[in-house]
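Close look at the chain arrangement
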Amino acid sequence: MAELVYPPVIGFARTLFKAWDLKIDCKGSENIPRTGGAVLVSNHISYLDFVFNGLAALPQKRLVRFMAKEAVFRHKVSGPLMRGMKHIPVDRKQGEAAYAHALDSLRSGEIVGVFPEATISQSFTLKSFKSGAARLAQEAGVPLIPMALWGTQRIWTKGHPRNFKRSHIPVTIRVGEAVEATRDQYAGAITRRLREHIQELLEAAQRAYPVRPKDASDTWWMPAHLGGTAPTPAEVRETEAR
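Residues numbered from 1 in each chain as written. Predicted model: local features only at pLDDT ≥ 70, side-chain atom pairs only at ≥ 80, totals over all residues. Heavy atoms only, no water.

Here's the deal with helix 6 (residues 132–140)
Put simply, the test is: Using a 1.4 Å probe on the protein chains alone, a residue whose accessible area is under 20% of its type maximum counts as buried, one over 50% counts as exposed, and one in between counts as partly exposed. Each helix is a run of DSSP H or I of at least 4 residues and each strand a run of E of at least 2, with the numbering of both proceeding from the N terminus. The contact definition used throughout considers only heavy atoms, calling two residues in contact when any of these lie within 4.5 Å.
With seven of its nine residues buried, helix 6 lies for the most part within the structure. When helix 6 is considered as a whole, its buried residues turn out to be Gly 132, Ala 133, Ala 134, Leu 136, Ala 137, Gln 138 and Ala 140. Buried residues belonging to helix 6 abut strand 2 (38–42), strand 3 (64–69), helix 5 (95–107), strand 5 (111–114), strand 6 (144–150) and helix 7 (187–208). Taken from the residues just after helix 6, Gly 141 is the one with a positive phi, measuring 70°.

Structure follows, in structure tokens:
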């Protein structure tokens, strides 16, 4: 079936990136397979992460079908777009349907995008990973492709205002080599290995990032362990528990 919605949306996103003068540094796209199914797995620090994940797949001429919360599909604007781009709705109360949908997509040769942390990390560090991505890859017989983003939190993230002006924000994207997920392995072990790979990619992206905070008031987007003022993982957990 022809892709009637995805290409125009990509074109619109690229126009926006140019208008905002984003400085995008993407390396490792060649690790995304040109054909066949794969699970693209990324850290999650921004509402726009899926856009940049998808951007990394374009050099390989691939479109990514993302698993996203079902509420986005009910919105009068985003809903038709999400369905038109064949993304996968996730109702957390009925996760089996989303899992089956993603599995069908993988078996038909699609790339499925997954955020194993499930929600945005407000500490900008990796949270614990759910094992769904590993189980999908095992059952479909496809590889896991790890990737990491850095800088997207400066555009639009949870608890901070959007920055859609022409702000020249750099965005660093790193895609790693495939992680195999064979059926004879324990999904938890695969998930731990996958998280280690994404941690390495995240640290590489942070090292390559060309900007450092200008002053003390500009450190909110840096994690505490790197000298920033973002809340620590423990502080985030404490706030969420209240």
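Still more ground to cover, so stick around.
A look at the packing of aromatic side chains
The condition is simple: For Phe, Tyr and Trp, where Trp contributes only its six-membered ring, two rings pair if their centres lie within 6.5 Å, and the inter-plane angle classes them as stacked under 30 degrees, edge-to-face over 60, or tilted in between.
One pass over the full model with this rule turns up nine aromatic pairs. Here the aromatic rings of Phe 17 and Trp 20 are separated by 6.3 Å at their centres, their planes lie at 50°, and the arrangement is tilted. Placement of both Phe 17 and Trp 20 in helix 1 (residues 6–20) is noted, with a separation of three residues, approximately one turn of the helix. In this structure Phe 17 comes out as buried when scored by relative accessible area, which is 10%. The class of Trp 20 is buried, set by a relative accessible area of 9%.

Considerations on the layout of surface pockets
We apply this condition: A 1.4 Å probe that fits into a set of points on a 1 Å grid over the protein atoms alone but cannot get out defines a cavity; an open set with protein on both sides within 12 Å along at least five of seven lines defines a pocket, and lining residues are those with an atom within 4 Å of a point. Grid points are joined across faces, edges and corners, and a volume is the space filled by probe spheres set on the points. Throughout this entry, Asp, Glu, Lys and Arg are counted as charged residues, while Ala, Val, Leu, Ile, Met, Phe, Trp, Tyr, Cys and Pro are counted as nonpolar. The remaining residues, Gly among them, count as polar.
In this structure, the second largest pocket encloses a volume near 320 Å³. Taken together, 16 residues line the second largest pocket, and the ones lying closest to its centre are Arg 154, Asn 163, Ile 169, Lys 214 and Asp 218. Here the residues of the lining of the second largest pocket sort into six nonpolar, five polar and five charged.

Some points on the sheet that holds strand 6
Going by this rule: Whether two strands pair depends on DSSP finding at least two bridges between them. An axis is simply a line fitted to the C-alpha atoms; with a helix, the fit covers only the stretch in contact. Between two such axes, the angle follows the N-to-C directions and lies from 0 to 180 degrees.
On the basis of which strands lie adjacent, the open sheet formed by seven strands has the order 1-7-6-2-5-3-4 and mixed pairing. Each edge of the open sheet is held by one strand with a lone partner, namely strand 1 (23–27) and strand 4 (88–90). Across the sheet, the mean angle separating the axes of adjacent strands is 20° when strand polarity is ignored. In the sheet, strand 2 pairs with strand 6 via four bridges, with the strands oriented parallel. Following the sheet pairing, Val 39 is matched in strand 6 by Leu 144. Where helix 7 meets the sheet, it contacts strand 2, strand 6 and strand 7 (170–175), and its direction lies at approximately 35° from that of strand 6.

With respect to the packing of helix 6 against helix 7
What counts is decided by this rule: If you view the pair so one helix is near and one far, a crossing is left-handed when the near helix is turned anticlockwise from the far one by less than a right angle, and right-handed when it is turned clockwise.
The contact between helix 6 and helix 7 brings their axes to 8 Å, and the two run at 115°. Both helix 6 and helix 7 take part in a crossing whose hand is right-handed. For the pair formed by helix 6 and helix 7, the contact residues are Ala 134, Arg 135 and Gln 138 on the first element and Ala 187, Ile 190 and Thr 191 on the second.

Description of the side chain of Asp 49
Going by this rule: In this tally Asp and Glu are treated as negative and Lys and Arg as positive; neither His nor the chain ends contributes. Only one rule defines a salt bridge in this text: a Lys or Arg side-chain nitrogen within 4 Å of an Asp or Glu carboxyl oxygen. Pairs of N or O atoms are called polar contacts if they sit within 3.5 Å, as long as, within protein, a hydrogen donor faces a hydrogen acceptor (for residues adjacent in sequence, only side-chain-to-side-chain pairs).
Topologically, Asp 49 is positioned in helix 2 (residues 49–57). Although Asp 49 is buried, it makes no salt bridge; Lys 127 carries the closest opposite charge, 11 Å away. Within the local environment of Asp 49, its side chain forms a polar contact with the side chain of His 44, the two groups lying 2.9 Å apart. Of note is the side chain of Asp 49, whose polar atom sits 2.6 Å from the backbone nitrogen of Ile 45. Excluding residues that lie within four positions of it along the chain, Asp 49 makes contacts with Asn 43, His 44, Phe 115, Leu 149 and Thr 152.

A look at the pattern of salt bridges
Enumeration according to the criterion identifies nine salt bridges in this entry. Its salt-bridge partner being Arg 174, residue Asp 25 comes within 2.9 Å of it at the nearest N-O pair. Here the residue Asp 25 occupies a position in strand 1, and Arg 174 occupies one in strand 7, the gap between them amounting to 149 residues. By relative accessible area, which is 11% here, Arg 174 ends up buried. Arg 242 is paired through a salt bridge with Glu 238; the nearest N and O atoms lie 3.4 Å apart.

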